[in-house]
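Take a look at the letters that make up each chain.
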Amino acid sequence: MSNYPSSSPPRRIFVDKQSPKAFLALVQVSEAVRATASEAGLDRTTVELINLRVSQLNGCAYCLDVHTRAALRAGESPQRLGVLSAWRDTGLFTPSERAALALAEATTDPVNTAAQTSAYEAARQVLPEAQVSAAIWVAVTINAFNRVSVMSKHPVPSPPAK
């Protein structure tokens, strides 16, 4: 028996629409982080790989949809997108991308201090400080957007009719 009086749970509040000033502040943070990443020389495909990997870990279907399309527009290959969840098991990612992905995972699971320390130390070996910082900021920001979308249950739009 359901705890809900009807056959379906109540519609979720879209917290971005309910609290537009707070959401606008998050968008502004995202814009600053995008500029920071660009200034640090963190290329757009790496930024999108971080966005996608974090969204995979958080189970955010909406952000996965948005950032898959963004990654493809940035020139990312469908093959690499297809194996992203197993990036450690392929030779398809550069040392810099691997470092950024490990940082993204460690940022998403900050309780795992061993992974956090390992990812940070490895990143410092292959990325300049500005890119380490930018990669962490990208992961922090997409984690926030993931929480907004997951808690709001943002729907993935249907593809356009062919």
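Here, every reference points to the structure presented above.
Right, let's walk through the structure included here. What you see is a predicted model, and the numbers here were worked out from it, not measured in a lab.

Some remarks on a nonpolar patch on the surface
A surface patch of nonpolar side chains, about 250 Å² in accessible area, is lined by Val29, Trp137 and Val140. Of note, Val140 is situated in helix H8 (residues 129–152).

Quick look at the environment of Arg147
Residue position: Arg147 is located in helix H8. A C-alpha to C-alpha distance of 13 Å links Arg147 and Ile13, two positions 134 residues apart in sequence.

What to know about the side chain of Thr108
With respect to the helices and strands, the residue Thr108 is situated in helix H6 (residues 95–108). Judged by its relative accessible area of 14%, Thr108 is buried. At a separation of 2.8 Å, a polar atom in the side chain of Thr108 contacts the main-chain carbonyl oxygen of Ala104. Within the structure, the side chain of Thr108 is placed 3.1 Å from the side chain of Asn143, a separation counted as a polar contact. Discounting residues that sit within four places of it in the chain, Thr108 has contacts with Val54, Leu57, Asn58 and Asn143.

Brief notes about the pattern of salt bridges
If you walk through the whole model with that rule in mind, you get 8 salt bridges. A salt bridge links Asp16 to Lys17, with the nearest nitrogen and oxygen atoms 3.9 Å apart. Note on Asp16: relative accessible area 9%, which makes it buried. On the accessibility criterion, Lys17 (61% relative accessible area) is exposed. Across the pair Glu48 and Arg44 runs a salt bridge whose closest N-O atoms are separated by 2.4 Å.

Brief notes about the packing of aromatic side chains
Applying the stated rule across the entire model yields 1 aromatic pair. On the basis of an interplanar angle of 85° and a centroid distance of 5.8 Å, the ring pair of Phe23 and Phe145 is categorised as edge-to-face. Of the two residues, Phe23 sits in helix H2 (residues 20–40) while Phe145 sits in helix H8, which places them 122 residues apart along the sequence. You can call Phe23 partly exposed: its relative accessible area is 25%. For Phe145, a relative accessible area of 15% gives the class buried.

Quick word on the packing of helix H7 (residues 113–126) against H8
It is at 8 Å that the axes of H7 and H8 come closest, and there the two elements cross at 140°. The angle between H7 and H8 falls in the class oblique. The hand of the H7/H8 crossing is right-handed. Across from Tyr120, Ala123 and Arg124 in H7, the residues of H8 making contact are Glu129, Val132 and Ile136. By residue class, the composition of the contact of H7 with H8 is 4 nonpolar, no polar and 2 charged.

What about the nonpolar core?
By size, the foremost hydrophobic cluster in this structure holds 35 residues, and its most contacted members are Leu42, Ile50, Leu84 and Leu103. Of all the elements, H8 adds the most residues to this core, at 8 residues. Once residues within four sequence positions are removed from consideration, Leu42 is found in contact with Ala37, Val47, Ile50, Gln131, Ala134 and Ala135.

What counts, and at which threshold
- Counting restarts for each chain, with residues numbered from 1 along the sequence as it is written.
- Whole-chain, interface and lining totals are the exception, using all residues; otherwise, since this is a predicted model, local features are given only for residues with pLDDT of at least 70 and side-chain atom pairs are given and counted only at 80 or more.
- Think of the side-chain values as coming from all heavy atoms in the structure, minus any hydrogens and water.
- Two joining distances apply to patches: 9 Å for like charges and 5 Å for nonpolar side chains (Val, Leu, Ile, Met, Phe, Trp, Tyr), and every residue must have over 30% relative accessible area and no salt bridge.
- The Shrake-Rupley method, run with a 1.4 Å probe sphere, supplies the accessible areas, and residue values consider only the shown protein chains as cover.
- Within this document, salt bridges are pairs made up of a side-chain nitrogen of Lys or Arg and a carboxyl oxygen of Asp or Glu, the two lying within 4 Å of each other.
- Numbering of helices and strands starts at the N terminus; helices are DSSP runs of H or I of at least 4 residues and strands are runs of E of at least 2.
- Note on exposure labels: buried denotes an accessible area under 20% of the residue type's maximum, exposed denotes more than 50%, and partly exposed covers the range between, all computed with a 1.4 Å probe on protein chains only.
- Any pair of nitrogen or oxygen atoms within 3.5 Å is treated as a polar contact; in protein, a donor-acceptor pairing is required on top of that, and neighbouring residues in sequence qualify only through side-chain atoms on both sides.
- Note on contacts: a residue pair is in contact if any heavy atoms of the two residues lie within 4.5 Å.
- Between the rings of Phe, Tyr and Trp (Trp by its six-membered ring), a pair exists once the centres lie within 6.5 Å; its type follows the angle of the planes, with under 30 degrees stacked, over 60 edge-to-face, and the other angles tilted.
- Working convention: axes come from line fits to C-alpha atoms, limited for helices to the stretch in contact. Angles between N-to-C directions cover 0 to 180 degrees.
- Comment on the angle field: the value is read as roughly parallel under 35 degrees, roughly antiparallel over 145, roughly perpendicular from 65 to 115, and oblique elsewhere.
- The crossing is said to be left-handed when, going from far helix to near helix, the turn is anticlockwise and less than a right angle, and right-handed when the turn is clockwise.
- Charged residues are taken to be Asp, Glu, Lys and Arg, nonpolar residues to be Ala, Val, Leu, Ile, Met, Phe, Trp, Tyr, Cys and Pro, and polar residues to be all remaining types, Gly included.
- Among buried residues, the Ala, Val, Leu, Ile, Met, Phe, Trp, Tyr and Cys ones that are joined through side-chain atoms within 4.5 Å form a nonpolar core.

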